[in-house]
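# Results of the structural survey
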Amino acid sequence: MVASQIPLKVRQGFILVFVLLVALPILFFSIGKAYYASLVEATEKTLEAHLYSLISEVDFTERGIIMPSTILAPELNRLNSDTYAMIYREEQPVWHSESAVNVNFVPDELETKAGAADFRRVEYKNTVYWQLSLTVILNNIDQSEHARFILLKRNDALLRLMDGFKQTLVNWMYVMGVAIAALMAVGFVWSARPLQRLDKEIKAIESGDIQEIKGLYPVELQTIKADLNLLLETQQRQKERYRASLSDLAHALKTPLAVLKSSPLANDADAQEQLDRINVMIEHQLKRAATGASDTWKKQTAIKPVLDSILNAMSKVYRDKDIIFTHAVKDKDYFLGDKTDLLELLGNLIDNACKACRSQVDIQVIQKRNLTIAISDDGPGVPIDKRESLLTRGTRLDTYESGHGVGMAIVSDLVKSYHGTLTILDADTLGGAKFILEFNYNDKK
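Model, not experiment: these values are computed from the prediction.

### Description of the packing of helix α6 (residues 303-317) against helix α7 (residues 339-356)
In contact at an axis separation of 10 Å, α6 and α7 are set at 40° when each is read in the N-to-C sense. Classified by the interaxial angle, the pair formed by α6 and α7 is oblique. Classified by chirality, the crossing of α7 by α6 is right-handed. When α6 is examined against α7, the residues I303, V306, L307, I310, L311 and M314 are found in contact with a partner set consisting of K339, L342, L343, L346, G347, I350, D351 and C354. Broken down by class, the residue content of the contact of α6 with α7 amounts to 11 nonpolar, one polar and two charged.

Right, here's the structure in full:
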């Protein structure tokens, strides 16, 4: 559940970090190993070339061997070279290259078949070499002798080439890292453009500027576009049916209610009170039907103008109490729903607070990711054992001395219809009751 809420930018960042910290280093070491293997293979080929050159030019005699010096490879003629050549005849050294003058070790005797070349990594006097050896048979009339050709190349030479290659490779890896990061950033921005356009169209629908999504989107978003438009169309049809049915029902009840109010039964105070409550409910539902209140998710209603209107009205209605109204609300704070519903919510709660208060009512609006509206008064408050029943539909909510309860059934239903919560607490500073409305907009924005 938590993983599904990770932002796309963070996921893209994880991929980039993986590429830069895992994939590129693995690629670096893989290329380095492959290059070193190619150097070893090239060394073997070079030593083989030197070996066959020696074999072709050497001339064995009874006194020794005859080797022309001018045809040898340059690296075998330099004293400071890293490549050496030696010839042994019947285990006795009979010749060595100029580069092997200062060599002070004897190569190990290796069991090799005559005519078979042997290439391996060896170590003499704490120095690593790559050694190629070949044993040949010298035939004459009297006897046959064995001559062993040995060529050595210091591993240091390969390591120096590796160091230079690694430095070049590191530089290119830096360039690749920057290029990959830039390409991924551009790719993310490019890929996110359709989502941003879709989000912009959805916000336009919420604000009532458009009625459906019309933009052109990639294939992956076409299904989402079609589903959203189908949802909007279905909601519109349901809204029309809801408005028609609710209007018909409310108008049908108006006539018998008018008859009852004019009958002798209306002289009873309790009966008149219930008839008034029914009339209030019918008026409320008629207003909801007229405004299409079920189509709430695409309306953003600014809270401050509605609150200012209610407080202006309440200051006139309760001018005898000389109520002090304090409030904290920003111009950008909004209610994601119908203006009429917001009027009902705030109007009923503030009206109840005015009835219960002694001289002060406070309204606090806090909007971050959620919307929280807290309405407090300095009245007697609501007893803890009656708070739950205060929000229960059908309870005679207007009988409490505090005055809370008139219209609370409407408030409770509206809050539930918006998937919000209504909580009753003790006011922190004023000492009376505190009604807290909370609406979760995380899933809507």
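### Considering the pairing of strand β14 (residues 433-440)
Taking burial as the measure, the eight residues of β14 include six buried ones, the bulk of the element. Two elements, strand β12 (residues 370-377) and β14, share seven bridges in a ladder whose sense is antiparallel. By the bridge assignment, A374 is partnered in β14 with I436. Where strand β13 (residues 421-426) lies against β14, six bridges are found, and the strand directions are antiparallel. Considered in β14, the bridge of D426 is made with A433. Between β13 and β14, which follow one another and run antiparallel, lie six residues, and G431 among them has a positive phi close to 90°.

### Here we look at the pairing of strand β3 (residues 83-89)
Judged by how many residues are buried, β3 sits mostly within the fold: seven of seven residues are covered. Joining the antiparallel neighbours β3 and strand β4 (residues 92-96) is a turn of two residues, in which E90 adopts a positive phi near 50°.

### Concerning α7
Across its 18 residues, α7 extends 25 Å between first and last C-alpha, which sits within 8% of the 26 Å expected from 1.5 Å per residue. Summarising burial for α7: 15 of the 18 residues are buried, a large majority.

### Some thoughts on the UniProt feature "transmembrane region" (unreviewed entry) in the protein
Here, UniProt's "transmembrane region" (unreviewed entry) annotation points to residues 12-31 and 169-190. Split by type, residues 12-31 is 100% helix and 0% strand. Its first and last C-alpha atoms lie 26 Å apart. End-to-end, the C-alpha atoms of residues 169-190 are 30 Å apart, and along that stretch the chain is 100% helix and 0% strand.

Scoring rules and cut-offs
Residues numbered from 1 in each chain as written. Predicted model: local features only at pLDDT ≥ 70, side-chain atom pairs only at ≥ 80, totals over all residues. Heavy atoms only, no water. Axes fitted to C-alpha atoms, helices over the stretch in contact; angles between N-to-C directions. Helix = DSSP H or I, 4+ residues; strand = E, 2+ residues; numbered from the N terminus. Parallel < 35°, antiparallel > 145°, perpendicular 65-115°, else oblique. Left-handed = near helix turned anticlockwise from the far one by under 90°. Contact = heavy atoms within 4.5 Å. Nonpolar A, V, L, I, M, F, W, Y, C, P; charged D, E, K, R; others polar. Buried < 20%, exposed > 50% of the residue type's maximum accessible area, 1.4 Å probe, protein only. Pairing = 2+ DSSP bridges. Expected span 1.5 Å × (residues − 1). UniProt positions renumbered as here; feature names shortened; annotations may be inferred.

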